[in-house]
Amino acid sequence: MPTAGLACLIALAATGCSAGSDSTSDAAPAATKQGQQNEEAASPSPSPSQSTTTGTAYAPYVSAGEASENDSAGSPATYNLAFVISDGSSCTPKWNGASAVDDSAVASRISALKESGATVRVSFGGASGKELGSTCSSASALAEAYGEALDAAGSTQADFDIEGAQLTDTDSVALRSKAIALLQEERPGLEVSFTLPVMPSGLDEDGLTLLRYANKYDVQVSTVNLMTMNYGESYDGDMGAYAITSATAAHTQLKEVFGTTDATAWRAMALTSMIGTNDVDNETFTLADAAQVRTFAENKGVAWVSMWSTFRDQQCEEGTATDDALTNCSGVEQSSGAFAEAFSG
């Protein structure tokens, strides 16, 4: 049976478990909360009136420091701002480990992104550098660092992209969960997502352990965002099919761990694909794959879909030394912004 924390994780996606949720976000809107349940009881299944009918939002990852002409393609509901990490060894949050979180250029960039009515979600972590959980010495200091970045961005949405060594470091995993719980006590409307690697077999044990720690410390999580990308050399087929297989496997895990319904488990999920050329040889995510994932997400009621990233959503120019399919273009034939249009439906 799920404990209160895990019940809340799934309930947030369907019934607005965290009070004061920002109605402009891409998470499911709050509905009437059921009566308080005994701690030992299983999470109640939402009634039809509680189940959300909100569609699948589009929320791409963008550079916090540099605008792309493709940012607004697909009319995103939310922008995931990449990435806030440590400055290297201290508990000081910085954009990509270099720019202060209140950097004026970044502030102007965020203001421009919000002009369309979209919200911004601050993404902490990523594949490079040190996530703050590994450099801050206490949960209170870590919570303060996270809060500083959120305040600078004017955001009530936090994404924690935990992968690689950060995911296997149980000390930082535990400290991070404590800090997020403290932050949510101070900010009841804070929406939290965890971005985790996934395989066609589902989440690995490290990812599941992270969610268990979040539960242990009563973190309220709106979505588990699956990185449907970079599976490994043995996966050289249909990337759209792999994404769907991965999501389906993870859905089974979430449903079993959280003791919830099919619909609620889907609504507590988000999907992020790496468009075009992936970091693993023979893995290419095409426009057809994007349309396939979008249709699947809509049919299942997945909360949001995303991509890495807007600044790669364009065709590489042949013979241009500065174009790199893994950094600033997709490596496939496309028109600019085509992946955004496919993911936004």
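Shown above is the structure to which this text applies.
All values derive from a computational prediction rather than experimental measurement. (Residues numbered from 1 in each chain as written. Predicted model: local features only at pLDDT ≥ 70, side-chain atom pairs only at ≥ 80, totals over all residues. Heavy atoms only, no water.)

Caption draft 1: Fine view of the overall build of the protein. Each helix and strand counted, the protein has ten helices and 13 strands in total. Across the 345 residues in the protein, those meeting the buried criterion constitute 53%. Across the protein, the fraction of contacts at a sequence separation of at least 24, relative to all contacts at a separation of at least 6, is 73%. Looking at the protein as shown, the accessible area adds up to about 13800 Å², and 47% of this sits on carbon and sulfur atoms. (Helix = DSSP H or I, 4+ residues; strand = E, 2+ residues; numbered from the N terminus. Buried < 20%, exposed > 50% of the residue type's maximum accessible area, 1.4 Å probe, protein only. Contact = heavy atoms within 4.5 Å. Areas by Shrake-Rupley, 256 points an atom, 1.4 Å probe, with all protein chains shown as cover.)

Caption draft 2: Expanded view of the nonpolar core. Counting residues in each nonpolar core, the largest one holds 76 residues, and the members touching the most others are Phe 124, Phe 194 and Phe 343. If we skip the residues at most four places from it in the chain, Phe 124 touches Val 84, Glu 131, Leu 132, Tyr 146, Ala 149, Leu 150, Ala 158, Asp 159, Phe 160 and Asp 161. If you look at the next biggest cluster of nonpolar residues, it comprises five residues, including Ala 59, Ala 270, Ala 303 and Trp 304. (Core = buried A, V, L, I, M, F, W, Y, C linked by side-chain atoms within 4.5 Å.)

Caption draft 3: Highlighting the state of the cysteines. Scanning all chains against the criterion turns up two disulfides. Residue pairing for Cys 91: its cysteine sulfur links by disulfide to Cys 136, the two sulfurs lying 1.8 Å apart. Since a negative S-S torsion denotes a left-handed disulfide, the Cys 91-Cys 136 link at about 95 degrees is right-handed. Here Cys 136 lies in the loop between β6 (119-125) and α3 (139-153) and Cys 91 lies in the loop between β3 (78-86) and β4 (93-95), a separation of 45 residues in the sequence. Among the residues examined, Cys 91 registers a relative accessible area of 24% and is labelled partly exposed. Its relative accessible area of 6% is what places Cys 136 among the buried residues. (Disulfide = S-S within 2.5 Å.)

Caption draft 4: Region of interest: the environment of Ala 288. Turning to its location among the elements, Ala 288 is positioned in helix α9 (residues 287-300). With 48 residues separating them along the chain, Ala 288 and Gly 240 place their C-alpha atoms 7.7 Å apart.

Caption draft 5: Structural detail: the packing of helix α7 (residues 239-258) against α9. It is at 8 Å that the axes of α7 and α9 come closest, and there the two elements cross at 25 degrees. Between α7 and α9, the angle falls in the class roughly parallel. The two elements α7 and α9 cross, and the hand of that crossing is right-handed. Where α7 approaches α9, its residues Met 239, Gly 240, Ala 241, Ala 243, Ile 244, Ala 247 and Thr 248 are matched on the opposing element by Asp 289, Gln 292, Val 293 and Phe 296. (Axes fitted to C-alpha atoms, helices over the stretch in contact; angles between N-to-C directions. Parallel < 35°, antiparallel > 145°, perpendicular 65-115°, else oblique. Left-handed = near helix turned anticlockwise from the far one by under 90°.)

Caption draft 6: Quick look at the environment of Thr 245. Tracing the sequence through the fold places Thr 245 in helix α7. Judged by relative accessible area, which is 38%, Thr 245 ranks as partly exposed. Between the alpha carbons of Thr 245 and Met 199 there is a distance of 8.4 Å; along the sequence they are 46 residues apart.

These values are about where atoms sit, not about what they do.
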